[in-house]
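# An overview of the molecular structure
The residues making up each chain are set out below.
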Amino acid sequence: MFRGILFSLAAMTMAVPALAAELITKTSPYSVHETVDRLEAAVTEAGATVFARVDHAEGAKKVDMELRPTMLLIFGNPKLGTPAMQDAQTAGLDLPLRVLTYSDASGDVHVTYRDPVALSEDHGIAADADYLSKMAGALDKLTSKAIAKD
């Protein structure tokens, strides 16, 4: 039994760095709200669809709790997402794409998203599927545009 617990702990410890490697984070010179506004504009301009904008801090406030500014933008393009779900319907758990924008304890603003390559590992999609590289390129381009200094 003790051996099983040790094995489980080792497996969980090894999984944490892998998850961290799947997250891509960039720093924004703008406030959380302005960064999300800029990201939403970039997404719309690129012809993708914004499905939701979630203000986690506002949600926390509604239950009398505090949370630094934290917003999630959910968006996508069915031309890229549909083929992923045709190959592995469980990819719908991770699609549409999501970008989290938040202010850390120092007041720095970050945009973080999950690398679409993780869809390959998590859902058994071929790592060389062209839509994965297109999703990764779109996320990089859109988030870079949102944080670019004018």
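Preceding this section is the structure that the text describes.
What comes next concerns the included structure. Please read these numbers as outputs of a predicted model, since none were measured by experiment.

Here we take up the overall build of the protein chain. The number of helices and strands found in the protein chain is six helices and five strands. Each helix (α) and strand (β) of the protein chain, taken in turn from the N terminus, gives the series α-β-α-β-α-β-α-β-β-α-α. When contacts within the protein chain are restricted to residue pairs at least 6 apart in sequence, long-range pairs at least 24 apart make up 63% of them. Of the roughly 9100 Å² that the protein chain leaves accessible, carbon and sulfur atoms contribute 60%.

What follows covers the nonpolar core. Judged by nonpolar contacts, the single largest core of 29 residues is most densely connected at Phe-75, Ile-125, Tyr-131 and Met-135. Of all the elements in the fold, those that place two or more residues in this core are helix H2 (32–45), strand S3 (70–76), helix H4 (78–87), strand S4 (97–103), strand S5 (109–114) and helix H6 (130–147). In terms of residue count, the dominant contributor to this core is H6 (seven residues). Setting aside its immediate chain neighbours within four residues, Met-135 contacts Leu-80, Gly-81, Ala-84, Leu-95, Leu-97, Pro-116 and Leu-119.

This part is about the layout of surface pockets. Here the largest pocket defines a volume of roughly 420 Å³. Lining the largest pocket are 22 residues, and of these Ala-48, Gly-76, Asn-77, Leu-80 and Ala-138 sit closest to its centre. Elements represented by at least two residues in the lining of the largest pocket include exactly H2, S3, H4 and H6. By residue number, the principal contributor to the lining of the largest pocket is H6, which donates six residues.

Turning our attention to the sheet that holds S5. The five strands lie next to each other as S1-S5-S4-S3-S2, forming an open sheet whose pairing is antiparallel. Taken across any chain shown, the strands that pair with only one partner, and hence form the sheet edges, are strand S1 (23–28) and strand S2 (49–55). Each adjacent strand pair in this sheet contributes to an overall mean axis angle of 20°, direction not counted. In the sheet, S3 pairs with S4 via six bridges, with the strands oriented antiparallel. Each residue of the ladder has a partner; that of Leu-73, found in S4, is Val-99.

Thresholds applied
Residues numbered from 1 in each chain as written. Predicted model: local features only at pLDDT ≥ 70, side-chain atom pairs only at ≥ 80, totals over all residues. Heavy atoms only, no water. Helix = DSSP H or I, 4+ residues; strand = E, 2+ residues; numbered from the N terminus. Contact = heavy atoms within 4.5 Å. Areas by Shrake-Rupley, 256 points an atom, 1.4 Å probe, with all protein chains shown as cover. Core = buried A, V, L, I, M, F, W, Y, C linked by side-chain atoms within 4.5 Å. Buried < 20%, exposed > 50% of the residue type's maximum accessible area, 1.4 Å probe, protein only. 1 Å grid on protein atoms, 1.4 Å probe; cavity = no way out; pocket = protein on both sides within 12 Å on 5 of 7 lines; lining within 4 Å. Points joined across faces, edges and corners; volume = space filled by probe spheres on them. Pairing = 2+ DSSP bridges. Axes fitted to C-alpha atoms, helices over the stretch in contact; angles between N-to-C directions.

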